[in-house]
Amino acid sequence: MKHAFFRTVVLIVSCASVAHAADRLRIAYSSISGAYTGIWVAHDAGFFAREGLEDQIILIPSATQLAQVVCLR
């Protein structure tokens, strides 16, 4: 009897819905050009939010600084 109760409790706890905060996605770009159109289209269409991602698009005007930032993470 104890084992059946324990299994039921474990099943309920494992299947329970847990509210998670949105994962943050930081996207950096180095210039205003057509190469980054996909990022802005996905942002404006809400594709990131639909997948549970909080997108943060950051302009880093120097390609050298952008490379340094990407290598740090």
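Structure: see above.
What counts and how
- Residues numbered from 1 in each chain as written.
- Predicted model: local features only at pLDDT ≥ 70, side-chain atom pairs only at ≥ 80, totals over all residues.
- Heavy atoms only, no water.
- Helix = DSSP H or I, 4+ residues; strand = E, 2+ residues; numbered from the N terminus.
- Buried < 20%, exposed > 50% of the residue type's maximum accessible area, 1.4 Å probe, protein only.
- Contact = heavy atoms within 4.5 Å.
- Areas by Shrake-Rupley, 256 points an atom, 1.4 Å probe, with all protein chains shown as cover.
- Core = buried A, V, L, I, M, F, W, Y, C linked by side-chain atoms within 4.5 Å.
- Salt bridge = Lys/Arg side-chain N within 4 Å of Asp/Glu carboxyl O.

(A) A look at the overall build of the protein chain. Within the protein chain, the secondary structure is distributed over four helices and two strands. Helices and strands appear in the protein chain in the N-to-C order α-β-α-α-β-α. A total of 73 residues make up the protein chain; the buried ones form 14% of that total. For the protein chain, the share of sequence-separated contacts (at least 6 apart) that also reach a separation of at least 24 residues comes to 67%. Carbon together with sulfur atoms contributes 63% to the accessible area of the protein chain, which is approximately 6300 Å² in total.

(B) Fine view of the nonpolar core. Among the nonpolar cores identified, the biggest contains six residues, and these are Ile 27, Tyr 29, Ile 39, Ala 42, Phe 48 and Ile 57. Elements supplying a minimum of two residues to this core: β1 (23–29) and α2 (37–45).

(C) Focus on the pattern of salt bridges. Per the counting criterion, the structure on display carries one salt bridge. In this structure, Glu 54 engages Arg 24 in a salt bridge whose closest nitrogen and oxygen atoms are separated by 3.8 Å. Pair noted here: Glu 54 is in strand β2 (residues 53–59) and Arg 24 is in strand β1, with a separation of 30 residues, a long-range link. The exposure class assigned to Glu 54 is partly exposed, which follows from its relative accessible area of 40%.

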